[in-house]
Amino acid sequence: MLSCSKHYIGCGASEGGIHCAEIGMGERELRDIHMPVAKAAVESGTDIVMIAYSSIDGIPLHVSKHMLGDVLRNELGFEGIIMSDGAGLESVVGKIGTTDKDVAIRATKCGIELSLNDKGQFHYLEEAVEQGLIDESIIDDACTKVISKKFELGLFDEPFTYEDKVTEYVRSGVQRELAYEVASESIVLLKNENILPLKKDTKVVVIGQNAVNKYCLLGSYSAQRSPEEGSNILDALKLGFENLVYTEGWNYNEEDCDYDAALEACRDADVILFCAGGCSIQSYDEEYVTGDGLDIAPKAGEYIDCGEGKDSTTIELCHTQTDLIKKLRELGKPIVTILIQGRPYAIGDIVENSDALLCAWYPGQEGGHAIRDILLGKVNPSGKLTVSIPRNVGCIPVNYNRVTEFWRNYYDVSEKVIYPFGYGLSYSKFIYDNLVVEELGKNIFKVSVNVTNDSDAPGKETVMLFIHGKGGTIARRDKELKGFEKIELGARETKTVSFILDRKSFAVWSENRKYEVEAGDVDLFVGGNPYELLHHGISTVSE
């Protein structure tokens, strides 16, 4: 199997949150934030790098000699295949206003060796060679890279897959166990007002369309599942709770939401499980969905708010969800909300009207079982937010590692973030102490901290190390994550976690237009909760 790393480079920073849009950033931001990711992929031995659709400083990345040749090939030392994104060359034709042949020549000279979903551009290369517009040796080099990778795979020795072995492995249960483990450890507990975990005899009422469609858990580009593959949230909950009732309450169509039926069903409930969030159900052709042994993927009307081609101008939840949860709150019953989402939403109303809140993302085909076991306390939640959750769309961007702001802020919000990067609760209580920093050499430090599980519940905790540099020639970011480690602690157990900070940890793209360590002070922050971090100061010396 070959690994393909994508998308090079800065793809997540396109203007207006629109995939493929222009990337407007300076070289320092590109190098300090986005380049380390590409560098790590190359150093890890990735076989293929896929290029982003976007342009940087007006030059489409697919035809950027500097970003593909000078940086990716020469500076980062990538020796594998450089691959276009789907119809990437065609996109350049429109952006520049040129011809298919011209783009094929330019892209190949810049380093594109494999054209994904090519719309005919590479067909012009033979003609371009005959006309002397491109040297045949460049095409030979491109072909050699692709063929060499196929030799590494053994495709020329054994080109066929033994399908029976693949089927046997898929049905062995190994992948299901891994899917369950990933879901269990990635779900984030954002709020818990002494409601969770629940008991199996708790009388619960489950609300929401997301609860009955297992495809809502999978996300865009997910393949169809056979009926025995995975479960929706409701069916998974039925295996754990003895007294459970379901009523839809809200749906994405917004036309036939029966709020009254939901309110009536919840009057006698001990707890309301409110399933909310978004939808990214993959569309399938009719002839495909009726394939032998496959489920027909239920449709969610026209409401798909996440996935490729679903960039949005809003991050509000479907209003039927917020309308209903406000009505349910008036019953005075505890509400536990389960968010299914592929992007952070503005969830102020959800937070305000929930006693407990789980961010499940798209947890996969075993996600329903993981959600159930977290609710029952069989699994201790240990996920941490990998993005910050903004109060509303106008607060974006809310990256945790933005440059420290001046005193001015929006006048109509006190805090732009509802929950910050790295946040996540547990059923355990973790205590951090004895933060020790040892200088090992020039700009090399060992950072150690003790972590204690001060509870009777075994749990997992992610220890994070941030830095904030001061006194150099550039404006440093508020926090920069430089290390993290997830550990498992038994009841009342203590462990020591250590990190090494070195030149790579402190180097910045300086005003000298190179990576170097500048003399200055550095604040170290260590902990598992962004609001409760231990602090220690050190100093770095210039190189």
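About the criteria used
Residues numbered from 1 in each chain as written. Predicted model: local features only at pLDDT ≥ 70, side-chain atom pairs only at ≥ 80, totals over all residues. Heavy atoms only, no water. Pairing = 2+ DSSP bridges. Helix = DSSP H or I, 4+ residues; strand = E, 2+ residues; numbered from the N terminus. Axes fitted to C-alpha atoms, helices over the stretch in contact; angles between N-to-C directions. Contact = heavy atoms within 4.5 Å. Core = buried A, V, L, I, M, F, W, Y, C linked by side-chain atoms within 4.5 Å. Buried < 20%, exposed > 50% of the residue type's maximum accessible area, 1.4 Å probe, protein only. Left-handed = near helix turned anticlockwise from the far one by under 90°. Nonpolar A, V, L, I, M, F, W, Y, C, P; charged D, E, K, R; others polar. Patch = residues over 30% accessible without salt bridge, like charges linked within 9 Å, V, L, I, M, F, W, Y side chains within 5 Å. Areas by Shrake-Rupley, 256 points an atom, 1.4 Å probe, with all protein chains shown as cover. Salt bridge = Lys/Arg side-chain N within 4 Å of Asp/Glu carboxyl O. 1 Å grid on protein atoms, 1.4 Å probe; cavity = no way out; pocket = protein on both sides within 12 Å on 5 of 7 lines; lining within 4 Å. Points joined across faces, edges and corners; volume = space filled by probe spheres on them.

Novice: Mind showing me how you'd approach the sheet that holds strand S6 (residues 188–192) here?
Specialist: The strands making up a sheet are joined through hydrogen bonds of the backbone, oriented either antiparallel or parallel. An order of S6-S11-S10-S9-S7-S8 is seen for the 6 strands of this open sheet, with the pairing classed as mixed. Every other strand in the sheet has two partners, leaving S6 and strand S8 (243–247) as the edge strands with one partner each. Within this sheet the neighbouring strands show an average axis-to-axis angle of 20°, counted without direction. As judged from the 4 bridges shared by strand S7 (residues 203–207) and strand S9 (residues 271–277), these two strands associate in the parallel manner. The residue bridging Val205 from the neighbouring strand is Ile272, located in S9. Along the sheet face, helix H14 (residues 367–376) touches S9, strand S10 (335–340) and strand S11 (356–361) and points at about 150° away from the line of S10.

Novice: I would appreciate a short explanation of the nonpolar core in the present structure.
Specialist: Membership of the largest hydrophobic core comes to 40 residues, with the highest contact counts inside it found for Leu190, Ile207, Phe274, Leu328, Ile347 and Tyr419. The element best represented in this core is helix H10 (residues 259–266), accounting for 4 residues. Setting aside anything within four residues of it in sequence, one finds Leu190 in contact with Leu357, Cys359, Leu385, Ile389, Tyr419, Tyr423 and Leu425. Core analysis: the second largest hydrophobic core is formed by 31 residues, Ile187, Ala211, Ile371 and Val379 among them.

Novice: Looking at this model, I keep getting lost on the packing of helix H3 (residues 88–96) against helix H4 (residues 100–110). Mind explaining?
Specialist: Helix-helix packing is characterised by the crossing angle of the two axes and by the distance between the axes. The N-to-C vectors of H3 and H4 enclose an angle of 115°; their axes lie 9 Å apart at closest approach. As H3 packs across H4, the resulting crossing turns out to be right-handed. Taking contact as the criterion, the partners of Leu89, Val92, Val93 and Ile96 in H3 are, on H4, Asp100, Val103, Arg106 and Ala107. Of the residues in the contact of H3 with H4, the class split is 6 nonpolar, no polar and 2 charged.

Novice: Looking at this structure, I do not really get a nonpolar patch on the surface. What am I missing?
Specialist: On the surface, a cluster of nonpolar side chains totalling about 450 Å² of accessible area is made up of Ile147, Phe151, Leu153, Leu155 and Phe156. For Leu153, the position within the fold is in helix H6 (residues 136–153).

Novice: Please clarify how the layout of surface pockets should be interpreted in this entry.
Specialist: Unfilled space is identified by rolling a water-sized probe across the atoms. Each pocket or cavity is described by its volume, and for the second largest pocket that value is around 640 Å³. Lining the second largest pocket are 23 residues, with Asn399, Tyr400, Glu415, Val417 and Asp478 positioned closest to its centre.

Novice: Would you mind showing me how to read the environment of Phe499 here?
Specialist: Counting through the fold element by element, Phe499 comes out in strand S18 (residues 494–501). Between the C-alpha atom of Phe499 and that of Leu465, which follows or precedes it by 34 residues, the distance is 8.0 Å. When residues no more than four places from it in sequence are discounted, the contact partners of Phe499 are Phe445, Lys446, Val447, Val463, Leu465, Gly483, Phe484 and Glu485.

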